[in-house]
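Single-letter residue listing:
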Amino acid sequence: MTTKFAAIGINHSHIYGQVNCLLRAGAELVAFHAVEDDLAAEFVAKFPKAKRVEKPEVILEDETVALVITSAIPGDRADIAIAAMRHGKDVMSDKPGMISFAQLDEIKTVQAETKRIFSVCYSEHFETRATVKAGELVRAGAIGEVINTVGLGPHALKNNPRPDWFFTRARYGGILADIASHQCEQFLFFADTLDAEVVSATVSNRANADRPGLQDIGDIHLRAPNATGYIRVDWFTPKGLPTWGDGRLTILGTEGYIELRKYIDIAGRPGTDHLFLVDGKGTQHIDCSEVDLPYGRQLISDIQNRTETAMSQAHCYKAMELALKAQQLAETNSEWSA
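Just so you know, these numbers come straight off a predicted model, no measurement behind them.

### Examining the side chain of S123
And step 1. Among the secondary structure elements, S123 is positioned in helix α6 (residues 123–126).
And step 2. With residues up to four places along the chain from it excluded, the contact list for S123 reads H14, T128 and H182.

### Comments concerning the pattern of salt bridges
And step 1. Tallying each qualifying case throughout the model produces 19 salt bridges.
And step 2. Linking R86 and E106 is a salt bridge whose minimum nitrogen-to-oxygen distance equals 4.0 Å. Linking R86 in helix α4 (residues 74–86) with E106 in helix α5 (residues 101–114), this pair joins segments that are 20 residues apart in sequence.
And step 3. Through salt bridges with shared partners, a single network forms among D246, R248, E259 and R261.

### Focus on the nonpolar core
And step 1. Counting 88 residues, the largest nonpolar core has L22, F43, I69, M92, F118, L176 and I220 as its most contacted members.
And step 2. It is helix α12 (residues 313–334) that provides the largest number of residues to this core, a total of 9 residues.
And step 3. Dropping the residues within four chain positions of it, F118 is found in contact with A81, M85, V91, S93, G97, M98, I107, Q111, Q313, C316 and Y317.
And step 4. The next biggest cluster of nonpolar side chains, apart from the first, holds 18 residues, and it includes V138, I251, L277 and V291.

### Some details on the sheet that holds strand β8 (residues 197–204)
And step 1. Spatial strand order, β8-β9-β10-β7-β11-β12-β13-β14: 8 strands in an open sheet with mixed pairing. The open sheet has two free edges, formed respectively by β8 and β14 (282–287), since each of these has just one partner strand. Pairwise comparison of adjacent strand axes, ignoring direction, gives a mean angle of 10° for this sheet.
And step 2. Of the strand pairs in this sheet, strand β7 (residues 146–154) and strand β11 (residues 248–253) are connected by 6 bridges, and their pairing is antiparallel.

### Here we look at the packing of α4 against α5
And step 1. Running from N to C, α4 and α5 cross one another at 15°; their axes reach a closest spacing of 10 Å. When the axes of α4 and α5 are compared, the pair comes out roughly parallel. Considering how the two elements wind past one another, α4 and α5 form a crossing that is left-handed. Facing G75, A78, I82, M85 and R86 of α4, the residues of α5 in contact are Q103, E106, I107, V110, Q111 and T114.
And step 2. Counted by class, the contact of α4 with α5 contains 5 nonpolar, 4 polar and 2 charged residues.

### Observations concerning the environment of F5
And step 1. Among the structural elements, F5 can be located in strand β1 (residues 4–8).
And step 2. Along the primary structure F5 and R86 are separated by 81 residues, whereas in three dimensions their C-alpha atoms are 16 Å apart.
And step 3. For F5, the residues in contact, after removing those within four places along its chain, are V19, L22, L23, A27, E28, L29, V30, A31, V65, L67 and I69.

### Section: unusual backbone geometry
And step 1. A cis geometry characterises the amide bond from K95 onward to P96, with omega recorded as -10°.
And step 2. By secondary structure assignment, the location of P96 is in the loop between β5 (90–94) and α5.
And step 3. If you check the backbone angles, K115 has positive phi at about 60° while not being a glycine.
And step 4. If you check the backbone angles, R306 has positive phi at about 55° while not being a glycine.
And step 5. Considering the arrangement of structural elements, one finds R306 in the loop between α11 (295–305) and α12.

### Remarks on the pairing of strand β12 (residues 256–261)
For a regular strand, the rule is simple: side chains alternate between the two faces of the sheet.
And step 1. Relative to β12, β11 runs antiparallel, the two sharing 6 bridges. Each bridged residue has a counterpart across the sheet, and for I251 the counterpart in β12 is I258.
And step 2. With antiparallel pairing between neighbouring strands as the criterion, β11 and β12 make up a hairpin whose turn holds 2 residues.
And step 3. In this structure, β12 lies alongside strand β13 (residues 274–279), joined through 6 bridges in antiparallel fashion. Each residue of the ladder has a partner; that of I258, found in β13, is L277.

### Things to note about the UniProt feature "domain: Gfo/Idh/MocA-like oxidoreductase N-terminal" (unreviewed entry) in the protein chain
And step 1. Those residues carrying the UniProt feature "domain: Gfo/Idh/MocA-like oxidoreductase N-terminal" (unreviewed entry) are residues 26–120 in this numbering.
And step 2. Spanning residues 26–120, this segment combines 44% helix with 21% strand, and its end C-alpha atoms are found 19 Å apart.

Reading the values: rules and limits
- Residues numbered from 1 in each chain as written.
- Predicted model: local features only at pLDDT ≥ 70, side-chain atom pairs only at ≥ 80, totals over all residues.
- Heavy atoms only, no water.
- Helix = DSSP H or I, 4+ residues; strand = E, 2+ residues; numbered from the N terminus.
- Contact = heavy atoms within 4.5 Å.
- Salt bridge = Lys/Arg side-chain N within 4 Å of Asp/Glu carboxyl O.
- Core = buried A, V, L, I, M, F, W, Y, C linked by side-chain atoms within 4.5 Å.
- Buried < 20%, exposed > 50% of the residue type's maximum accessible area, 1.4 Å probe, protein only.
- Pairing = 2+ DSSP bridges.
- Axes fitted to C-alpha atoms, helices over the stretch in contact; angles between N-to-C directions.
- Parallel < 35°, antiparallel > 145°, perpendicular 65-115°, else oblique.
- Left-handed = near helix turned anticlockwise from the far one by under 90°.
- Nonpolar A, V, L, I, M, F, W, Y, C, P; charged D, E, K, R; others polar.
- UniProt positions renumbered as here; feature names shortened; annotations may be inferred.

Next up, the structure:
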């Protein structure tokens with residue numbers, strides 16, 4: 001039976017990756033709701049079979065829709081997810097799935113009450129073939145026991161027009177809650193733990209005084225019983241880089257290490273998804289462009305079978321909890337007020 005899904009809120013372009021990962025898995029996009037006419041026009045041009053509905057209630061009350069996806073303004077995502085679950089829908093949210101502990105607590109409560117699936121599409125893992133391949137290698141013991149990760153998430157601030165909400169702390173949630181939730185999730189995954197804590201965190205606005213609500217750089221130090229992690233995220237990708245950011249991840253094990261250049265190899269190899277493996281046998285570059293992306297397929301299976309194969313609910317929550325704790329700690333330490 002084909003799983004039908006619909007979108008409520010399409011403010012971030014990640015919505016296209018969310019839709020496509022489900023379409024690849026055989027699901028059917030049937031409807032979407034967007035307040036913004038320009039965003040709706042672009043969306044329907046790419047997905048003409050999806051019907052635009054005037055009110056989200058049309059989707060929420062449609063018993064044929066099993067899954068609601070959202071890439072709304074981050075501050076609005078929790079309310080959309082909660083409404084969907086209360087209407088019997090499973091949910092796939094763009095990251096961050098929420099921007100406050102109050103929202104996280106309410107999502108946990110509603111999810112427990114309704115027994116629905118609440119999933120966050122951490123695209124730098126689930127929609128990035130090099131990260132998926134790294135997971136396969138680590139699970140196979142290619143580098144021994146993971147003891148440290150370094151996750152870097154640089155982004156380009158001026159590569160496309162940004163709406164006002166993007167620069168409003170109360171709407172986007174802060175740079176660590178937003179971007180660094182990716183790296184928090186990957187730390188948990190590669191360290192294979194849910195027992196992790198934030199040791200330190202900082203945020204700053206170093207070069208965008210005209211946008212006081214923007215945090216243009218931040219970092220986190222994480223600790224688990226058998227591993228540590230460092231995260232840096234920023235908006236300082238230079239104009240000379242021919243993509244939106246040079247996302248990198250280094251995974252150190254007791255018998256080797258893996259480095260990912262997710263979106264570009266600045267040494268000159270074409271394409272994306274570059275993986276470098278260094279072990280006792282030597283060094284090698286692995287092209288991951290044909291690696292399977294199982295998240296969408298697994299999520300559809302979970303929806304149909306009420307399982308947790310794509311990502312456990314506890315893992316989903318813990319990644320956002322770490323990002324929110326880091327955001328809170330960083331702003332407390334820096335007396336952030338914007």
